[in-house]
Amino acid sequence: MALDANVLLNVYRYNATTRDDLFQVLEKLGDRLHVPHQALHEFWRRRLNALGSPSTTVQQAIDALEKQRRATVSTLEGWAKQIALDPGELDGLRSEVNGLHDKLAGRVKDREPGAGGNTSTGSDRVLARLEIILDGKCGQPMAQADFDAAVAEAHRRIEASEPPGYMDAQKVDTSDNPEGAAGDYLVWKQATTEACRRGLDLVIVTGDEKEDWWRRHRGEFLGPRVELFDEFRALSAGHRLFAFRPSDLLLHADALNVRVRDESLDDAERVSSRSTGAAQWSMEGVEELLRRLDSEGWKHGDVIRHAAENFGFVERAAIYEIARYNDERMLRGYTRPVNRITKDLQEAGIVQAGVTPMLQPVYVDVKAAGFKIPGEVVDLLVDGPSEDDDFPATG
């Protein structure tokens, strides 16, 4: 069983009971547990961000409640002045509002995940437990020649929209992330290599819910992409591939004689829904992308606007009509101008790294039936920015 980085990072986001249940499952796996070197590398790179997310979320909720408290008290005071309400009665209403606010703020603080993590590695209780569980179960780094070949293969797959990893096409190479968009493929390569070495079936546990890993139907996760299943079967001389989300791992813990509490399953789903797509497009990023596309003479901006008006999807025929393509025109490489500009905007700090690609192909058989755009982009273009867009780090 191979763990992706987000499985380990989610430990910092779980409630204490969920974290303990997951640790029990991982301990029961014993030597069957494996962490590819790329997943471990990504864990260390993103650990500090994961540490900060629970407390940040709690503080934002408390700040929002305080804003509502002040607004409610101000409304009551204005109303009381207009009707000459008795001051004593107004004080009673203020007390009720303040009491409710204090109660709600207390409940929010009580539900803080409380990961027990610490920016200092020596004081991080979560890290100390993980080090014991994962001792001897982490993969070694690839030889440089093998690493370079794997990165090249990852980029080839991204260009060809072959799984896994093509949904990360817009990730930017940086000094601490030289592989850029190749991370998912490196995890896949290292996990499959280890499973083949052991001659075992492979279970990949990942919190990544993008379509370049999963076969889905009406929102249900049915298993790994068929292409990945077939690829591993060929590599391993007939062994099988399975894919689990972290919540699936807890759900099936009884197979290991581990009893997982119902609240842990709910908490794992909560974290999954929050962590998926954490990097999102902002109005500034969307507007600048559209402006650049328009100024360069591309029709992709009109295609994106059309998709926003049609619940996030644009059909192939509509693209041909908007762009005035002839019937012989192929859509292979159609997203390249959008991806190129997005990468430029990420390097300029206008778009957050890791956002969902603006145009994602939707295939029927081997032919692109159209493209979909991220849900937050639909909301921004249809409804405009919300008040929350005043907060930073939204890409």
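Just so it is clear, the model here is predicted, and its values are computed rather than measured.

### Notes on helix α11 (residues 283-295)
Since the α-helix advances by 3.6 residues per turn, residues separated by three or four positions end up pointing in the same direction. The end-to-end C-alpha separation of α11 is 18 Å, in line with the 18 Å expected for 13 residues at 1.5 Å each. Those residues of α11 that fall on the buried side of the exposure criterion are Met283, Gly285, Val286, Leu289, Leu290, Arg292 and Leu293.

### Re the confidence of the model for the protein chain
Chain-level statistics for the protein chain give a pLDDT mean of 84 and a share of 84% at 70 or above. For the stretch residues 386-395, pLDDT sits under 50, and the model shows 14 contacts to residues farther than four places along the chain or on other chains.

### A look at the sheet that holds strand β1 (residues 2-3)
What the three strands build is an open sheet, ordered β1-β2-β5; its pairing is parallel. The open sheet terminates on both sides in strands that have one partner only, identified here as β1 and β5 (241-244). Bridge count for strand β2 (residues 202-205) against β5 is four bridges, and the pairing is parallel. In the sheet register, Ile204 faces β5, and the bridge partner there is Ala243. Here helix α7 (residues 183-198) sits on the sheet and contacts β1, β2 and β5; the angle it forms with β2, its principal contact strand, is near 150°.

### Quick look at the pattern of salt bridges
Side chains bearing opposite charge may pair, as long as their charged atoms lie close to each other. Scanning all chains against the criterion turns up 30 salt bridges. A salt bridge links Asp201 to Arg240; its shortest N-O distance comes to 3.0 Å. With Asp201 in the loop between α7 and β2 and Arg240 in the loop between α8 (226-235) and β5, the pair connects residues that are 39 residues apart, well separated along the chain. Exposure remark for Asp201: the relative accessible area of 31% places this residue in the partly exposed category. In this structure, Asp294 engages Arg305 in a salt bridge whose closest nitrogen and oxygen atoms are separated by 2.7 Å. Here Arg305 lies in helix α12 (residues 300-309) and Asp294 lies in helix α11, a separation of eleven residues in the sequence. On the accessibility criterion, Asp294 (36% relative accessible area) is partly exposed. Three or more residues are tied together by salt bridges with common partners; here these are Glu153, Arg156, Arg157, Glu162 and Glu231.

### Quick word on the side chain of Arg245
Relative to the elements of secondary structure, Arg245 occurs in the loop between β5 and α9 (246-251). A relative accessible area of 12% means that Arg245 is categorised as buried. Beyond its immediate stretch of four places on either side in the chain, Arg245 contacts Val205, Thr206, Glu209, Trp214, Phe221, Glu269 and Ser272.

The rules we used
Residues numbered from 1 in each chain as written. Predicted model: local features only at pLDDT ≥ 70, side-chain atom pairs only at ≥ 80, totals over all residues. Heavy atoms only, no water. Helix = DSSP H or I, 4+ residues; strand = E, 2+ residues; numbered from the N terminus. Expected span 1.5 Å × (residues − 1). Buried < 20%, exposed > 50% of the residue type's maximum accessible area, 1.4 Å probe, protein only. pLDDT = per-residue confidence, 0-100. Contact = heavy atoms within 4.5 Å. Pairing = 2+ DSSP bridges. Axes fitted to C-alpha atoms, helices over the stretch in contact; angles between N-to-C directions. Salt bridge = Lys/Arg side-chain N within 4 Å of Asp/Glu carboxyl O.

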